[in-house]
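# Residue-level structure breakdown
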Amino acid sequence: MACNSSTCNSSGCYKGYEEEEQPKPNTKAAVNGGNSCQNLCVKCKVNEPVCCGIGGENSRFCKDCFKNNLYGKFKQAVTYNAMITPPDKVLVAFSGGPSSRVVLQFVHEMQYKAQKNYDANKDKSLPVFGVGVAFIDESSTHSLTSQHIEKAIEDIRLIVSNLAPPSKELFVVPIESIFSSDGIDGKERLKELLDAVSDVTGKEDLLIHLRILLLQKIASENGYTRIVLGSCTSRIACHVISATVKGQGYSLSADIQYVDSRWEIPVVLPLRDCPAQELNTLCSLDGSLKIVELLNGPCSGINGLVSSFVKVLQEENPSRECTIVRTAGKLTPFHFNRVPEIHDSNVPSATRRHQKRYTLKPNGSLSSNSFCPICNSPLKKSNFPSSLRSHGSQQNPDLFASACSSCQFQILPKDPSLMEEFLSLLPQQMITKAKHGDQGNFSLLR
Amino acid sequence: MEADSKPKKSGARLCCVCNQNRAALKRPKTLEQVLSSTSPSVWECFYAVFEEEIHQVILENQLFKPGERIAIGASGGKDSTVLAYVLSELNRRHNYGLDLFLLSVDEGITGYRDDSLETVKRNELQYGLPLKIVSYKDLYGWTMDEIVKMIGLKNNCTFCGVFRRQALDRGAALLKVDKVATGHNADDIAETVLLNILRGDIASFNSEFINIRFSLWLMLGCQNLNKFSTYAYFKKLDYFSTECIYSPNAYRGFAREFIKDLERIRPRAILDIIKSGEDFRISTATKMPEQGTCERCGYISSQKWCKACVLLERLNRGLPKLGIGRNQGLNSDGKKDGKRDSRTPSTESKQCGSLEF
């Protein structure tokens, strides 16, 4: 797909595609006159184009080529980064929006093709990877009617059941399940926790952190080995700006790579090179890609502001998101931004060699990162909290000291006397992290 | 002209400096409560805090040595006026032992620069600091007005920025100064960090590349924009407050507006952006420009010709697109790459090595 930026290096970008010499068979083109624009798909030059990619007039595709172009980017991201290999069980996080619908579709198609190969293959050497879908029900945090949410869940069930064979397990999990006790207790605790955060942006971000923890929990409890997010170029561009604005410049490079193995279950982003605009277009073109609209309301605070800012920039120059992600891509990733080494002999050795060659060399000096217990971002060594600040005993970890500066400001309570109560409201996973982070400091004291 | 003094609810809080009068001004940076009133003499607490902080930054970073000659980049605007005023005050008060000069750049923009230069000439008298003006016309043979006539309203800021940086350097050399002080404040730097992300310029984050002569932005980088307005306004400093007539087209405008909106929601975000910029992990393996000299004029340059010479060549040959966008420079025998030029889009990422200040 041609991209307006002549220096855009995103995979699949056809730089400055020239089409001036195309014959113009029909009158429509003749009427368009001076503009020698072709009236054919730029890729197959056979069908009539029905949509435009990011490149505007230079990238008019017919429906199939448009889809194949996006699928090609997806496939390349998966292969290049060894995201999904035969023994894997992949959990697709599904929000109902266009990006997650497309990633679910593409993962399904990849699985379907693998299944066909398996069936056709006599020796059955390559097992097909498994796929599950997780939808997190956040209705307890906003005011949608239960009718609305039930309808949405129904739609999602239908979508997933239609994506068989191979069949996929669907998990519909309420966000409050992150706490060991769910049901009414969970709802109450979640409400209390969110109310304890005064900053609007902090509240939104805390919810995002809880969401990823819940996905981890579902994946881990059900034997999944990968979590697939539908994060597209646009979302990542927004994250780059908002992380910069929140003072998270150090950890930024950890969040925007194809693979994030900080977590127990590695998280992968195969749509990283796909702009939201194109994903939206695909969904509107293809009737089978039904979106489930769950209007949580627009983001407010900093996240909303960044979103509108990027939108304005994008209008001014359609390849701006691309440039932002590419620039941020030049920042050094962390040692955990690669899939864990594959030792499984079921994985073809070609794939293993490929992964070894293209994933990053681990940088020894960075392997001793500690992480913020709330957002799991790697902490810069100089930010190691001074143990003198800590007024927590060994039983109660000093949450403030072990958190990153952004969480300290926007999530944790300002008043130190409220810290202990806040700690009691957090899910267990965060508390455990805070404990481990702190023990390092106490050992220094001895 | 309005002053953004950010009054917050006063309540019963006292000014944290003098502990006598009621506080009504809250500094977003430190959240201290400082005094506010209609009576000018009562602003003393604010001035004191402001000046003291700058003094501390100078001391902690050992920015100056006694006997040094320092040129203050003076545009006539509030930032540089405040800088000139405060620096000469502190020089006197704390005996820095510095020789201070005002250095001004005349880009040749009628209706803007000619007016602001009058302000600087008055500052010369008011503060007793000798003034040197360097002009684009003398240095390069072109005024900005002439350049804009030639290339239009897009990308003219590229020319101006590159030329100005070199002009300051040339002026500094003429004055035989050791350092140049500029009045860049935190908002400017935050804008630059954002701009560099938006336009693909990761090399600028590498601090080694920033010429030591321009690292003095640190000094005022700790202060927010509004403090300058407040200080300048209430101290009744003589300054010029109109925007450059070409600035509405500058790309920086996007970043500036975003930052203004951001400041309303979370004032500390500006400093957070700067912190992020400092914390970005840039590998030494990333291809960084090497510092060499320009073959044509001897200025520092990472390429065969410095950017100013490249742009000048273009202007003189009547080919304004050279040096902008994809087609960044000349190859060794000075011929431009004509074929690639036709596909050059108008707003593109700049090559490594071009500073956005």
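Along each chain, residue indices are assigned from 1 in the same order as the chain's sequence is written. Each chain is given a letter, starting from A, and each ligand a number, starting from 1, according to the order in which they appear as written. Given that this is a predicted model, residues contribute local features only at a pLDDT of at least 70 and side-chain atom pairs are listed and counted only at 80 or more, while totals for whole chains, interfaces and linings are drawn from all residues. Hydrogen atoms and water are omitted, and side-chain values are computed over all heavy atoms in the structure.

### Focus: the confidence of the model for chain A
All names here are of chain A. Of all residues in chain A, 78% have pLDDT values of 70 or greater, and the mean over the chain is 80. Taken as a whole, residues 362-366 scores under 50 in pLDDT and shows six contacts with residues more than four places along the chain or in a different chain. For residues 386-394, every residue scores under 50 in pLDDT, and the model assigns this stretch 12 contacts once sequence neighbours within four places are set aside. Each residue carries a pLDDT value, the predictor's own confidence for that position, ranging from 0 to 100. The contact definition used throughout considers only heavy atoms, calling two residues in contact when any of these lie within 4.5 Å.

### Notes on the sheet that holds strand S3 (residues 69-73) of chain B
Residues and elements named next belong to chain B. Between any two strands, at least two bridges found by DSSP are needed for them to pair. The helix count covers DSSP runs of H or I at least four residues long, the strand count covers runs of E at least two residues long, and both are numbered beginning at the N terminus. One open sheet holds the four strands; their spatial order is S5-S4-S3-S6, and the pairing between them is parallel. Either end of the sheet is taken by a strand with one partner, and the two such strands are strand S5 (131-135) and strand S6 (179-181). Taken over all neighbouring pairs, the strand axes of this sheet differ in orientation by 30 degrees on average, direction set aside. In terms of strand pairing, strand S4 (residues 99-106) meets S5 through five bridges, oriented parallel. In the strand pairing of S5, Ser-104 is matched with Ile-133. Of the strands in this sheet, S4 and S5 touch helix H3 (residues 113-127), which is tilted by about 165 degrees from S4. Axis lines are fitted to C-alpha atoms, over the contacting stretch for helices. Their N-to-C directions set the angle, which ranges from 0 to 180 degrees.

### A look at the pairing of strand S5 (residues 169-174) of chain A
All names here are of chain A. Here strand S4 (residues 130-137) pairs with S5 via six bridges, running parallel. Counted as the bridge partner of Val-133 is Leu-170 from S5. For the handedness criterion, the strands are oriented away from the viewer, and a crossover whose path from the first strand over the helix to the second runs clockwise is classed as right-handed. Read from S4 through helix H4 (residues 146-162) to S5, the crossover connection turns out right-handed.

### Digging into the sheet that holds strand S3 (residues 89-93) of chain A
Pairing between the strands of a sheet is mediated by backbone hydrogen bonds and can be parallel or antiparallel. All names here are of chain A. An order of S5-S4-S3-S6-S8-S7 is seen for the six strands of this open sheet, with the pairing classed as mixed. Of all strands in the sheet, those with a lone pairing partner are S5 and strand S7 (259-260), marking the two edges. As paired strands, S7 and strand S8 (residues 267-268) are joined by two bridges and run antiparallel to one another. Counted as the bridge partner of Val-259 is Val-268 from S8.

### What to know about the nonpolar core
One recurring pattern in soluble globular proteins is that nonpolar side chains are buried together. The set of buried Ala, Val, Leu, Ile, Met, Phe, Trp, Tyr and Cys residues whose side-chain atoms join them within 4.5 Å is what this entry labels a nonpolar core. Exposure is judged per residue with a 1.4 Å probe applied to protein chains only, and the accessible area is read against the type maximum: over 50% gives exposed, under 20% gives buried, and values in between give partly exposed. Grouped together as the largest cluster of nonpolar side chains are 84 residues, with contacts concentrated most on Leu-206, Leu-210 and Ile-241 of chain A together with Phe-258 of chain B. With nine residues, the single largest contributor to this core is helix H6 (residues 200-221) of chain A. Apart from the residues within four sequence positions on either side, Leu-206 of chain A is in contact with Leu-193, Leu-194, Val-197, Ile-374, Ile-411 and Met-430 of chain A. Counting 50 residues, the second-largest nonpolar core is a separate cluster that includes Cys-41, Phe-66, Met-110 and Val-339 of chain A.

### Comments concerning the packing of aromatic side chains
Pairing of aromatic side chains here covers Phe, Tyr and the six-membered ring of Trp, requires ring centres within 6.5 Å, and sorts the geometry by plane angle: under 30 degrees stacked, over 60 edge-to-face, intermediate tilted. By the definition in use, this model includes 16 aromatic pairs over all chains. Measuring from ring centre to ring centre gives 6.0 Å for Phe-61 of chain A and Phe-66 of chain A, while their planes differ by 55 degrees; the resulting arrangement is tilted. The pair formed by Phe-61 of chain A and Phe-66 of chain A is uniform in burial state, with each residue classed as buried. An aromatic cluster is defined as three or more aromatic residues linked by ring pairs; in this entry it consists of Tyr-250, Phe-334, Phe-336 and Phe-371 of chain A. Just above the ring of Phe-409 of chain A sits the side chain of Lys-414 of chain A; from NZ or CZ to the centre is 4.6 Å. Charge-over-ring contacts are defined here by two conditions on Lys NZ or Arg CZ: a distance within 6 Å of the ring centre and an angle within 35 degrees of the ring normal. Directly above the ring of Trp-305 of chain B sits Arg-296 of chain B, whose terminal nitrogen or CZ lies 5.4 Å from the centroid.

### Quick word on the packing of H6 of chain A against helix H10 (residues 301-316) of chain A
Residue and element names in this part refer to chain A. The N-to-C vectors of H6 and H10 enclose an angle of 85 degrees; their axes lie 6 Å apart at closest approach. Overall, the two elements H6 and H10 adopt an arrangement that is roughly perpendicular. Across the interface between the two elements, Val-200, Thr-201, Glu-204 and Asp-205 from H6 touch Gly-301, Ile-302 and Asn-303 from H10. Roughly parallel covers angles under 35 degrees, roughly antiparallel covers those over 145, roughly perpendicular covers 65 to 115, and oblique covers all other angles.

### As for the UniProt feature "binding site: ATP" (unreviewed entry) in chain B
All names here are of chain B. UniProt positions are given in the numbering used here, feature names are shortened, and annotations may be inferred rather than shown by experiment. The sites that carry the UniProt feature "binding site: ATP" (unreviewed entry) are, in the present numbering, Gly-73, Ala-74, Ser-75, Asp-79, Val-105, Gly-183 and Asp-188. The topology assignment puts Gly-73 in strand S3. Apart from the residues within four sequence positions on either side, Gly-73 is in contact with Ser-80, Leu-103, Leu-168 and Ala-181. With respect to the element layout, Asp-79 can be found in helix H2 (residues 78-93).

### Structural notes on the side chain of Lys-67 of chain A
Residue and element names in this part refer to chain A. Looking at where Lys-67 falls in the secondary structure, it is placed in helix H2 (residues 63-80). A polar contact of 2.8 Å, which involves the side chain of Lys-67, links it to the side chain of Glu-109. When residues no more than four places from it in sequence are discounted, the contact partners of Lys-67 are Phe-106, Glu-109, Leu-282 and Asp-286. In the analysis that follows, any N or O atom pair within 3.5 Å is treated as a polar contact, provided that within protein one partner can donate a hydrogen and the other can accept it, and provided that, for residues neighboring in sequence, both atoms belong to side chains.

### A look at the pattern of salt bridges
By convention in these notes, a salt bridge is any Lys or Arg side-chain nitrogen within 4 Å of a carboxyl oxygen on Asp or Glu. Here the structure, examined in full by the defined rule, presents 27 salt bridges over all chains. We note a salt bridge from Asp-255 of chain A to Arg-262 of chain A, for which the minimum N-O separation is 2.7 Å. Here Arg-93 of chain B ties to Glu-51 of chain B by a salt bridge, and the two come within 2.8 Å at their closest N and O atoms. Taken together, the positions of Arg-93 of chain B in helix H2 and Glu-51 of chain B in helix H1 (residues 44-60) put the pair 42 residues apart, joining distant regions of the chain. Within the structure, one salt-bridge network assembled from shared partners comprises Glu-51, Glu-89, Arg-92 and Arg-93 of chain B.

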